[in-house]
Amino acid sequence: MKYPNTYVVYDLETTGKEPSEDEAIEIGALKVQDGKIVDSKSWLLKPSVPINPEAAAVHGLTQEYVDANGRDRHECWEEFVDFVGLNYLVQPWPIIGHNIVRFDNLFVARAIKFMGFDLDHAEFIDTAGIYKGRKLGLVQGETETHYDYAKRVLDTKAYGLKYRLTSVYEELGGSSEGLQAHRAEADVLMTNYVYRKMAELDQEIPT
């Protein structure tokens, strides 16, 4: 597969696991141009639904903290759309995330739909799909988009194969020092590291 060298990475933390009911409460994103991080941004959103205690136990974002420090979610989504280039003003850079095909993208699509935007014109690369596909020996078809490839791979049953971001990051030699796992700002850095390591393993130089 091709590994773009200019792209955007994003990650969400949410109120729960159901994209049709839950909402994002934290977004992290960074821009990489010619292999170098050139910009980064994060947003803390006030949701319209309560934070599930199980979700709070994972990312550590409590209802009290988000209520006190979060911003209007609509304003945050507008800024995110502009940052990643989903506003139709320009062709967006490829968008990279870990397990976004089955999780994060579903939250984004629902949130920006009410603003008149969608994800149809963007190219997505899922590092969870790359990692799992490599482990299972599944190759991307010549005419298969990466989105479709990642969806096919991630829908493939593989009992015992773990591809959580922190596990993949550590397996590939990433250091957790100074990073708060399961927070969006840290997760985008780990995702970027995983993406570039997978490119090295596939002996592909991002272009």
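Residues numbered from 1 in each chain as written. Predicted model: local features only at pLDDT ≥ 70, side-chain atom pairs only at ≥ 80, totals over all residues. Heavy atoms only, no water.

**Some words on the packing of aromatic side chains**
Both the distance between ring centres and the angle between the ring planes are used here to describe each pair of aromatic rings. Within the structure shown, the criterion is met by eight aromatic pairs. Centre to centre, the rings of Tyr-7 and Tyr-195 are 4.8 Å apart; their planes meet at 70°, and the pair counts as edge-to-face. Remark: Tyr-195 occurs in helix 8 (residues 184-201) and Tyr-7 occurs in strand 1 (residues 7-14); sequence separation between them is 188 residues. On the accessibility criterion, Tyr-195 (0% relative accessible area) is buried. Arranged with centres 4.8 Å apart and planes meeting at 55°, the rings of Phe-103 and Phe-107 form a pair that is tilted. Here Phe-103 pairs with Phe-107, and both are found in helix 4 (residues 100-113), just four residues apart, close to one helical turn. Given the relative accessible area of 22%, Phe-103 is considered partly exposed. The buried category is assigned to Phe-107, whose relative accessible area is 4%. Grouped by ring-pair contacts, the aromatic residues Tyr-10, Trp-43, Trp-77, Phe-80 and Phe-83 constitute a single cluster. (Phe/Tyr/Trp six-rings, centres within 6.5 Å; stacked < 30°, edge-to-face > 60°. Helix = DSSP H or I, 4+ residues; strand = E, 2+ residues; numbered from the N terminus. Buried < 20%, exposed > 50% of the residue type's maximum accessible area, 1.4 Å probe, protein only.)

**Digging into the packing of helix 4 against helix 6 (residues 146-154)**
Between helix 4 and helix 6, whose axes approach to 10 Å, the crossing angle comes to 120°. Classified by the interaxial angle, the pair formed by helix 4 and helix 6 is oblique. Residues Val-101, Arg-102 and Asn-105 of helix 4 touch helix 6, and the partners they reach there are Tyr-147, Ala-150, Lys-151 and Leu-154. When the residues that make up the contact of helix 4 with helix 6 are grouped by side-chain class, the tally is four nonpolar, one polar and two charged. (Axes fitted to C-alpha atoms, helices over the stretch in contact; angles between N-to-C directions. Parallel < 35°, antiparallel > 145°, perpendicular 65-115°, else oblique. Contact = heavy atoms within 4.5 Å. Nonpolar A, V, L, I, M, F, W, Y, C, P; charged D, E, K, R; others polar.)

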